[in-house]
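Residue-level listing of the chains:
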Amino acid sequence: MKLSTRGRYGLKAMFDLALYHGEGPISLTSIAERQAISVNYLEQLISPLRKAQLVASVRGAQGGYMLARIPSEITVGQILTTLEGPLAP
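Model, not experiment: these values are computed from the prediction. Counting restarts for each chain, with residues numbered from 1 along the sequence as it is written. Two thresholds apply to this predicted model, a pLDDT of at least 70 for residue-level local features and 80 or more for giving and counting side-chain atom pairs, whereas whole-chain, interface and lining totals are computed over all residues. Note that water and hydrogens are dropped before the side-chain values are worked out from all heavy atoms of the structure.

Caption draft 1: Examining unusual backbone geometry more closely. One non-glycine residue, A36, adopts positive backbone phi at about 55 degrees. Only DSSP runs of H or I covering at least 4 residues are called helices, and only runs of E covering at least 2 are called strands; the numbering of each starts at the N terminus. With respect to the secondary-structure elements, A36 resides in the loop between α2 (28-35) and α3 (39-51). Its identity as a non-glycine residue notwithstanding, Q53 has a phi of 60 degrees, on the positive side. Locating Q53 in the fold gives a position in the loop between α3 and β1 (55-58).

Okay, here's the thing in structure tokens:
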């Protein structure tokens, strides 16, 4: 299966959030730096993940994003379906 850039970068961002799960909100800037993804592109990826309730956002100066559930409850299939649509062959 070949992943699009959208799916690949979305998985990288979610992996980063899983690594820092429990440490509070993570800014998009720090995720973008660690994963070598543009902040603007990352903003476009986070929006559908938030709507699918995979990611939660915290507003304010110390705000950012974190996983809405524990990492073991989120599957790669859920992330890819959210970002790319149905995964039919």
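Caption draft 2: Local environment of the nonpolar core. What makes a nonpolar core is a set of buried Ala, Val, Leu, Ile, Met, Phe, Trp, Tyr and Cys residues whose side-chain atoms join them at distances within 4.5 Å. Three labels apply to residues, based on accessible area from a 1.4 Å probe with only protein chains included: buried if under 20% of the type maximum, exposed if over 50%, partly exposed otherwise in between. One finds M14, L17, L42, L49 and I79 to be the most contacted residues of the largest nonpolar core, which totals 21 residues. Looking at this core, the elements with two or more residues in it are α1 (5-19), α2, α3, β2 (64-67) and α4 (76-84). Contact between two residues is taken to exist if any of their heavy atoms lie within 4.5 Å; hydrogens are not considered. With residues near it in sequence (within four places) discarded, M14 still touches L49, L54, V55, L67, I74 and I79.

Caption draft 3: How the structure looks around the side chain of D16. For D16, the location among the structural elements is in helix α1. Note on D16: relative accessible area 1%, which makes it buried. Polar contacts, as used here, are pairs of N or O atoms within 3.5 Å; protein pairs need one atom able to donate a hydrogen and one able to accept it. Residues neighboring in sequence count only if both atoms are side-chain atoms. A distance of 2.6 Å separates polar atoms of two side chains, one belonging to D16 and the other to R34. Ignoring anything within four residues of it in the chain, the contact list for D16 reads I26, I31, R34 and Q35.

Caption draft 4: Quick look at the pairing of β1. Here, a strand pair is defined by DSSP locating no fewer than two bridges between the strands. Relative to β2, β1 is paired through 4 bridges, and the arrangement is antiparallel. Note on β2: the bridge partner recorded for A56 is M66. Linkage of β1 to β2, two consecutive antiparallel strands, is achieved through a turn of 5 residues, within which G60 is found at a positive phi near 110 degrees.

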